[in-house]
Amino acid sequence: MWAKSGTGTGVGTTGLVGREGELAELAAFLDTAGTDGAVLLLTGDPGVGKTALLDATADLAVAKGARVVRGSGVEYETDISYAGLHQLVGSLPDAFGRLPRSLREALEVALGLGAGPAPSRIAVLNAALSLFDEAAKERPLLLVVDDLHVVDQASRAAVGFVARRLAGRRIGLLGAQRAESGASFPSTGLPELAVAPLDDADALRLLSRRFAHLPRRVLSTVAHEAQGNPLALLEFAGSTGASGDRHGRGTGRASGPGRDVRALYGARVGRLPRGTREVLLLAALEGSGDIGVLEAAGGPGSLEELAPAERDHLVRVTESGRTVRFRHPLVRSAVVDGSTGEQRRGAHRRLADALADQPERRGDHLARATTAPDEAVAAVVESAARSGLRRGDADGAIARLRRAAELSPDRADRRRRLSQAAYAAAWVAGHLEVSHEIMREVEGNPAARSLSAAATAGFLVLVTEGDADTAHALLTEAVGQAPVTPGPPSGELETALFTLTLASQYSGRAEHWQPLADVLARFPEAAPAAAASLGRVHHDLGSVTDGMLRRLDEEIARLRDQSDADVVIRTALTASYLDRLPGCREAVSRVIRDGGAVGSSMPALMFVALDDLHAGRWQASAGAADELVALSEETGYHLFAQVGHYVAAMAAAQRGALDTCREHCEAVWGGRVPGACGGWRTAPTRRRPGRPSAPPTSIRPSGTPRRSARRACCRRSTPRPCGPRRTSSRPPCAPDGTRRRDGTRTRCATPVSVISPRGSR
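Residues numbered from 1 in each chain as written. Predicted model: local features only at pLDDT ≥ 70, side-chain atom pairs only at ≥ 80, totals over all residues. Heavy atoms only, no water.

## Things to note about the overall build of the chain
Phase 1 of the analysis: Regarding its fold elements, the chain presents 36 helices and nine strands.
Phase 2 of the analysis: Among the 761 residues that make up the chain, the fraction classed as buried is 57%.
Phase 3 of the analysis: In the form shown here, the chain has an accessible surface area of approximately 30900 Å², with 50% of it arising from carbon and sulfur atoms. (Helix = DSSP H or I, 4+ residues; strand = E, 2+ residues; numbered from the N terminus. Buried < 20%, exposed > 50% of the residue type's maximum accessible area, 1.4 Å probe, protein only. Areas by Shrake-Rupley, 256 points an atom, 1.4 Å probe, with all protein chains shown as cover.)

## Digging into the pairing of strand β1 (residues 38-44)
Phase 1 of the analysis: Most of β1 sits out of view: seven of its seven residues are buried.
Phase 2 of the analysis: Judged by which residues are buried, β1 turns out to be covered on both faces: Ala38, Leu40, Leu42 and Gly44 on one side and Val39, Leu41 and Thr43 on the other are all buried.
Phase 3 of the analysis: Of the strand pairs in this sheet, β1 and strand β4 (residues 171-178) are connected by seven bridges, and their pairing is parallel. Opposite Ala38, over in β4, you have Gly172 as the bridge partner. (Pairing = 2+ DSSP bridges.)

## Section: the state of the cysteines
Phase 1 of the analysis: Counted by the stated rule, this structure contains zero disulfides.
Phase 2 of the analysis: Cys665 forms no disulfide, and the closest cysteine sulfur to it belongs to Cys661, at a distance of 4.1 Å.
Phase 3 of the analysis: Cys665 sits in the buried class, given a relative accessible area of 7%. (Disulfide = S-S within 2.5 Å.)

## Examining the packing of helix α12 (residues 274-286) against helix α15 (residues 329-337)
Phase 1 of the analysis: Across the interface, α12 lies against α15 with an axial gap of 9 Å and an inter-helix angle of 115°. Relative to α15, α12 is oriented so that their crossing is left-handed. Each of Leu280, Leu281, Ala284 and Leu285 in α12 lies in contact with α15, whose residues at this interface are Arg332, Val335 and Val336.
Phase 2 of the analysis: The class makeup of the residues in the contact of α12 with α15 is six nonpolar, no polar and one charged. (Axes fitted to C-alpha atoms, helices over the stretch in contact; angles between N-to-C directions. Left-handed = near helix turned anticlockwise from the far one by under 90°. Contact = heavy atoms within 4.5 Å. Nonpolar A, V, L, I, M, F, W, Y, C, P; charged D, E, K, R; others polar.)

## Considering unusual backbone geometry
Phase 1 of the analysis: In this model, His313 sits at a positive phi of 60°, which is unusual for a non-glycine residue.
Phase 2 of the analysis: Residue position: His313 is located in the loop between α14 (307-311) and β6 (315-317).
Phase 3 of the analysis: You can call His313 exposed: its relative accessible area is 56%.

## What to know about helix α1 (residues 20-36)
Phase 1 of the analysis: Between its first and last C-alpha atoms α1 spans 24 Å; for 17 residues at 1.5 Å apiece the expected length is 24 Å, and the two agree.
Phase 2 of the analysis: Buried within α1 we find Glu20, Glu22, Leu23, Leu26, Ala27, Phe29, Leu30 and Ala33.
Phase 3 of the analysis: Residues of α1 that are buried sit in contact with β1, α2 (50-63), β3 (141-146), β4 and β5 (192-194). (Expected span 1.5 Å × (residues − 1).)

## Here we look at the packing of aromatic side chains
Phase 1 of the analysis: Taken as a whole and judged by the stated rule, the model has four aromatic pairs.
Phase 2 of the analysis: Between the aromatic rings of Tyr423 and Phe459, the centroid separation amounts to 5.5 Å while the plane-to-plane angle is 50°, which identifies the pairing as tilted. Of this pair, Tyr423 sits in helix α20 (residues 411-429) while Phe459 sits in helix α23 (residues 451-465); the two residues are 36 residues apart in sequence, bridging distant segments of the chain. Residues Tyr423 and Phe459 agree in their burial class; the two are buried.
Phase 3 of the analysis: Summarising the aromatic geometry, the rings of Tyr637 and Phe640 are spaced 5.9 Å apart at their centres and angled 5° between planes, so their arrangement reads as stacked. Pair check on accessibility: Tyr637 and Phe640 agree, each one buried.
Phase 4 of the analysis: Pairwise contacts between aromatic rings join Tyr423, Trp427, Phe459 and Phe498 into one cluster.
Phase 5 of the analysis: Directly above the aromatic system of Phe161 lies the positively charged group of Arg165, at a separation of 3.7 Å from the ring centroid.
Phase 6 of the analysis: A cation over a ring is seen here: Arg570 above Phe498, with NZ or CZ 4.0 Å from the ring centre. (Phe/Tyr/Trp six-rings, centres within 6.5 Å; stacked < 30°, edge-to-face > 60°. Lys NZ or Arg CZ within 6 Å of the ring centre and 35° of its normal.)

## Digging into the pattern of salt bridges
Phase 1 of the analysis: The tally for this structure, following the rule as stated, stands at 33 salt bridges.
Phase 2 of the analysis: Put simply, Arg268 and Asp312 hold a salt bridge, and the shortest N to O gap is 3.4 Å. With Arg268 in helix α11 (residues 257-270) and Asp312 in the loop between α14 and β6, this residue pair connects regions lying 44 residues apart in the sequence.
Phase 3 of the analysis: Taking the shortest distance from any N to any O, the salt bridge between Asp364 and Arg400 comes out at 2.9 Å. Taken together, the residues Asp364 in helix α17 (residues 359-369) and Arg400 in helix α19 (residues 394-406) connect sequence positions 36 residues apart. (Salt bridge = Lys/Arg side-chain N within 4 Å of Asp/Glu carboxyl O.)

## A closer look at the sheet that holds β5
Phase 1 of the analysis: With respect to topology, five strands assemble into an open sheet ordered β2-β3-β4-β1-β5, the strand pairing being parallel. A strand with exactly one partner marks an edge of an open sheet, and here the two such strands are β2 (67-72) and β5. For this sheet the average axis-to-axis angle between neighbouring strands, irrespective of direction, equals 15°.
Phase 2 of the analysis: Of the strands in this sheet, β1, β2, β3 and β4 touch α2, which is tilted by about 165° from β4.

## Details of the packing of α20 against helix α21 (residues 432-441)
Phase 1 of the analysis: Between α20 and α21, the least distance of the axes is 8 Å, while the angle of their chain directions is 165°. For the element pair α20 / α21, the angle class is roughly antiparallel. Judged by the twist between their axes, the crossing of α20 over α21 is left-handed. Residues Arg414, Leu418, Ser419, Ala421, Ala422, Ala425 and Ala426 of α20 form the contact with α21, whose participating residues are Leu432, Val434, Ser435, Ile438, Met439 and Glu441.
Phase 2 of the analysis: Split into classes, the residues belonging to the contact of α20 with α21 amount to nine nonpolar, two polar and two charged. (Parallel < 35°, antiparallel > 145°, perpendicular 65-115°, else oblique.)

Shown next, in the form of structure tokens:
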């Protein structure tokens, strides 16, 4: 057990001075963690002793029989999603092998250890928690994460997720981050322990124990300069002679203790042999401290060069012999600061060669190793971006695509990659400001030169301003100029077609559908979630074949295992036209819960609201619609906010809440995108709560005698409502499988009774 020293010297059993209170709290934390789970976050200034307290707690945990797994943030890996989680997971290979296949694959894909569809963020977080739970079955587990302020965002989310679910588990989570950090760790509600500087008495006591050969006068001066910072106390005193001079200079300093310590570490690193500095630089830039990677990058015998740094206590090799760790993050910073640009680029090139089997990490190091435009490197970085996007790392993919654009010699390739980054920012990540910023970098007229640029520009003007006309014009011209290739559309053509379909849908005008129909005629039948299928369903429900319906039903059945948010949303969009939203409910709800793809969360909320509306769950529909409005307005997706107001108005009308219905109608009329959406006709108002509304195939053209929300709420004419469910550009099919147009009847490919599961009722 931890206990105060009985000598009255203020020195704990660990040898730490002045930390009796902190050590007592940490000992109590371990006792709780070993039986019922616990979390604690240490906060304080650089060098104040957080890492020393982490080390002391880890040693005590091992003495108590617990298993300790450690990780640390690395400032050079903050843009690599799950880099921090990778350190924790990689230390538990046995427990990892015992995980169910689905959980194991989710972690493998997220961490770049395997291939497969991108897992949702919630799937990765649940898999990580299950892994730690599995590891804790044999003996208590302590997770120690230092420097949380520079841990990548995805890993911080994972740590926070695990921290809130430790009750009843034999798992402890102990973290540390700088008090002044601008990067906020998601720790709301988590217990924190502030680590303060030592008081004057404890500072002198620490110096007297470690530097008894120095005069009291010198120790007092050092204590005053260090301001109670333990790391500064030790480093300042260690570089000070009996006269008080520090390496030939006086003791006076103008900067804070943290910066001074960094300079001292820089001097110590500078005195090391050249070979040692080279290996240290590889370790600093590699991030995880993997001995195997360092040896592969450094060459045969390179690990022997670490010995001088180990003897100088700048680094240490873990007991397993598989990881090298810096004594303090300031040592890593000093190593990088003391290198030249060419030395850093050379180290990145060697690391890229050593990571040939890890395409994303290889791409990151190649990007940092290259200064001049290089198409071969740009292609590798772009491939890494696509790999990251498939596993759900939208932010990392955006950063890599922007870097690939910088490295592109050809201006067309540069515009294409920038446009793809902007589209991912808008559609997947929900970062409109980032998307607009990137598009400002695209030179010239984007629509005339790049399908990706046209898709992005069209999508932005559609969702932010509701300008379907401009979006349609941009995309029609760009898609019309695209070369025809065998097979279904793919890549940037697929993205452009999807966006053109959205523009046609939200405009609701027949003249916008015909150009899309002409384009779609060039392509064969495709998967249900493909843009070509979506466009055909939008344009003409009656043309849907039995085969396509079967494929759609099969695709919906597979959504329970689908982790790509884009596939989920597109499948649900097609399903919404064919009265199959209930089968997509679980998958779209998972997109919302995940929260990693903010852009995709808004259409997902739309589908949940509509599903509740169709099923007669008016209150639930209104709640989802209100959440959609709030999220859309907060992020600037004003078109989606209009959809939310429309669904909320319909739900209110169905409940007979006419004042609420009127408020939402007014919001649509006075919204920031008035008249932008023209495809839908209003559904009937129902006064009997709990009775489901009619299936989508019964939506009638305007002018039918059925009483609508417009008539129930107000006298003013309602704007054409907007959303993913609208009448097609052709007259609907009747239950007998025919459609009437210009006084004649023609045969539909598939009757309503087959298209809609409720059509035969």
